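Residue strings, one per chain:
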Amino acid sequence: RDSKLFIKDLHFDEVPVRIYLPKAPSASKRRGVIFFHGGCGMFGSIRSYERICRYIARKSDSVVVSVGYRLSPENKYPAQTEDCLTATVHFLKAAENYGVDPTRIIACGDSAGGTFAASVCQELVNRSDLPKIRAQILIYPFLQALNFQLPSHQLNAAIAFLPRDRTVHFILKYLNKDCSMRDAVIAGSHVPESMYLKYRKWISPDLIPERFKEGYKPPLPASFLPHVYEETKELFETRLSPLLAEDSVLCCLPETCIITCQHDILRDDGLLYKKRLEDNKVKVNWNHVEEGFH
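The residue numbering used here restarts from 1 in each chain and proceeds along that chain's sequence as written. Given that this is a predicted model, residues contribute local features only at a pLDDT of at least 70 and side-chain atom pairs are listed and counted only at 80 or more, while totals for whole chains, interfaces and linings are drawn from all residues. Each side-chain value is derived from all of the structure's non-hydrogen atoms; neither hydrogens nor water enter the calculation.

Under the annotation held in an unreviewed UniProt entry, the protein carries the name ADCL4 protein and is attributed to Turnix velox.

In structure tokens:
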């Protein structure tokens, strides 16, 4: 119950959602927010993000749709991204039924939810049959699994709540992979040299501003392990690593807000995506929380 909101549990093409609609009358159609919760695709729920979704709906006077995508490992990847995409497409088509202007819908998510938001926006760039997503808000998103030796990974490797080893463990578990490969993936042994050379123009410590690299030491090169690469190829799919998408996709993305935190191993993912979007002439509003944690 909420004095300012109507709250309903619905299904968008079999995907469970909770929708938050402001009770106050509006002179025009409202903005819409489709929200994907964090939790590495394995944790979290509509219920656990209830307070933040209510807050967004009240403060922005928007209709918020919180997506209850299926969780891994019970539901194998990429079921999570597929549910997020399905719910978004449904909302874009049915927006006016909820008093929402379909041209003013944003995709928003935190952590893995930011991954899903980025992925959904990329998958929709060529959908001429749908209204365009107005903007994307990525809150300390996970955006690439190519390099776990960036400055933020190294400097925050042992930070509480989301240390590097736990993060990579969760990613492998999310993909239903053998978690004993964790250390090899952290070292970079899952990346063939050809792939490293292809993507270093987008993912490299050299692209991180100097003020974020104090205390950083370049790691020694890791030996490539073909069996680890074969077992973890999904790490290089753009659904999991949106930073690897081609420029032809990124240049079509909507206006973007990226939030990063200083004491977060995923900080540099956000910084690198910001640079790539700006290089592709996408307007980016960047907010950095200097004392923030994941």
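Brief notes about the domain arrangement of the protein
For each domain, the first and last residues come from an automatic or database assignment. For the protein, the assigned domains read domain 1 (5-144 + 242-293) and domain 2 (151-236). Placing a centre on the C-alpha atoms of domain 1 and another on those of domain 2 gives a separation of 25 Å. Residue contacts follow a heavy-atom distance rule, with two residues in contact if any of their heavy atoms lie within 4.5 Å. Between domain 1 and domain 2, the contact holds 33 residues from the first and 28 residues from the second. Accessible surface is computed with a 1.4 Å probe, and the buried area is the amount of it that two parts give up when combined, taken over both parts together. Between domain 1 and domain 2 lies a buried interface of about 2,700 Å² when both sides are counted; carbon and sulfur atoms form 68% of it. For the domain 1 face of the interface with domain 2, the top three residues by lost area are Tyr77, Leu244 and Ile265, together amounting to 27%. Every case where a carboxyl oxygen of Asp or Glu lies within 4 Å of a side-chain nitrogen of Lys or Arg is listed as a salt bridge. At the surface where domain 1 touches domain 2, the tally comes to one salt bridge. Residue Arg211 is joined to Glu290 by a salt bridge in which the shortest nitrogen-to-oxygen separation is 3.9 Å. The term polar contact refers here to a pair of N or O atoms within 3.5 Å; inside protein, the definition further demands a hydrogen-donor-capable atom paired with an acceptor-capable atom, and it admits residues adjacent in sequence only when both atoms are side-chain atoms. Connecting domain 1 to domain 2 are seven residue pairs in polar contact (both at pLDDT 80 or more). In this description a helix means any DSSP run of H or I spanning at least four residues, a strand means any run of E spanning at least two, and both kinds are numbered starting from the N terminus. Residue assignment for the side of domain 1 that touches domain 2 shows that the elements contributing at least two residues are strand 7 (255-263), helix 10 (267-279) and strand 8 (284-293). For the side of domain 1 that touches domain 2, the element with the most residues is helix 10, which contributes seven residues. Each residue belonging to the side of domain 1 that touches domain 2 can be placed in one class, and the counts come to 16 nonpolar, seven polar and ten charged. Here the term charged refers only to Asp, Glu, Lys and Arg, the term nonpolar to Ala, Val, Leu, Ile, Met, Phe, Trp, Tyr, Cys and Pro, and the term polar to all other amino acids, Gly among them.

A short note on the sheet that holds strand 2 (residues 15-22)
Being paired, for any two strands, means DSSP has found at least two bridges between them. Taken in spatial order, the eight strands line up as 1-2-4-3-5-6-7-8 in an open sheet, and their pairing is mixed. Of all the strands in the sheet, the pair left with one neighbour each is strand 1 (5-12) and strand 8. Averaged over all pairs of adjacent strands, the angle between strand axes in this sheet comes to 20 degrees, irrespective of strand direction. Two elements, strand 3 (residues 30-36) and strand 5 (residues 100-110), share six bridges in a ladder whose sense is parallel. Fitting a line to C-alpha atoms yields each axis, with helices limited to the stretch in contact; the angle taken between N-to-C directions then spans 0 to 180 degrees.

Remarks on the pairing of strand 8
Of the strand pairs in this sheet, strand 7 and strand 8 are connected by seven bridges, and their pairing is parallel. Considered in strand 8, the bridge of Ile258 is made with Trp286.

As for the side chain of Thr232
Within the element layout of this structure, Thr232 appears in the loop between helix 8 (226-231) and helix 9 (247-250). In this structure Thr232 touches Leu172, Met181 and His190, once residues within four positions along its chain are discounted.

Things to note about the nonpolar core
To form a nonpolar core, buried Ala, Val, Leu, Ile, Met, Phe, Trp, Tyr and Cys residues must be joined to one another through side-chain atoms within 4.5 Å. Here's how the labels work: a residue is buried when its accessible area is under 20% of the maximum for its type, exposed when over 50%, partly exposed in between, all with a 1.4 Å probe on protein chains only. Core analysis: the biggest nonpolar cluster contains 76 residues, and Ile34, Phe36, Val67, Leu124, Ile203, Tyr273 and Leu277 have the highest contact counts within it. Of the domains in this structure, domain 1 (5-144 + 242-293) and domain 2 (151-236) are the two that each give at least three residues to this core. When neighbours within four sequence positions are excluded, Leu277 is seen to be in contact with Gln136, Leu250, Leu253, Thr256, Ile258, Val282 and Val284. Tyr20, Ile46, Ile106 and Tyr140 belong to the second largest nonpolar core, which has 16 residues in total.

Some remarks on the side chain of Ser66
Within the secondary structure layout, Ser66 lies in strand 4 (residues 63-67). For Ser66, a relative accessible area of 0% puts it in the buried group. The residues touching Ser66, leaving out its near neighbours within four places in the chain, are Pro16, Val17, Arg18, Tyr20, Phe35, Ile46 and Cys53.

Quick notes on the environment of Cys53
Structurally, Cys53 can be placed in helix 1 (residues 50-60). By relative accessible area, which is 0% here, Cys53 ends up buried. As a C-alpha pair, Cys53 and Pro25 span 28 residues in sequence and 19 Å in three-dimensional space. Filtering out sequence-adjacent residues up to four positions away, Cys53 remains in contact with Tyr20, Phe35, Val64 and Ser66.

Considering the pairing of strand 4
For strand 4, a buried count of five out of five residues is recorded, marking the element as mostly surrounded by other parts of the structure. Alternating positions in strand 4 separate into two faces, Val63, Val65 and Val67 on one and Val64 and Ser66 on the other, with burial throughout. Where strand 2 lies against strand 4, four bridges are found, and the strand directions are antiparallel. Among the inter-strand pairings, Val17 is bridged to a residue of strand 4, identified as Val67. As paired strands, strand 3 and strand 4 are joined by five bridges and run parallel to one another. By the bridge assignment for strand 4, Ile34 is matched with Val65. For the crossover from strand 3 across helix 1 to strand 4, the handedness is right-handed. When the strands point away from the viewer and the path from the first strand over the helix to the second turns clockwise, the crossover is right-handed.

Some words on the packing of aromatic side chains
Two rings from Phe, Tyr or Trp (for Trp, the six-membered ring) form a pair when their centres sit within 6.5 Å of each other. Planes less than 30 degrees apart are called stacked, planes more than 60 degrees apart edge-to-face, and all others tilted. This structure, assessed with the given rule, holds ten aromatic pairs. When the ring of Phe35 is compared with that of Tyr49, the centres are 5.6 Å apart and the planes differ by 45 degrees; the resulting orientation is tilted. Remark: Tyr49 occurs in the loop between strand 3 and helix 1 and Phe35 occurs in strand 3; sequence separation between them is 14 residues. The two residues Phe35 and Tyr49 agree in class, both being buried. Both rings, one in Phe224 and one in Tyr229, keep their centres 6.1 Å apart while their planes meet at 55 degrees; by these two values the pair is tilted. Overall, Phe224 belongs to the partly exposed group, its relative accessible area being 34%. One aromatic cluster is present, formed by Phe12, Phe91 and Tyr98 through successive ring pairs. Here the guanidinium or amino end of Lys201 rests over the ring plane of Trp202, the centre of that ring lying 4.2 Å away. Geometrically, a charge over a ring is one whose NZ (Lys) or CZ (Arg) sits within 6 Å of the ring centre while staying within 35 degrees of the ring normal.

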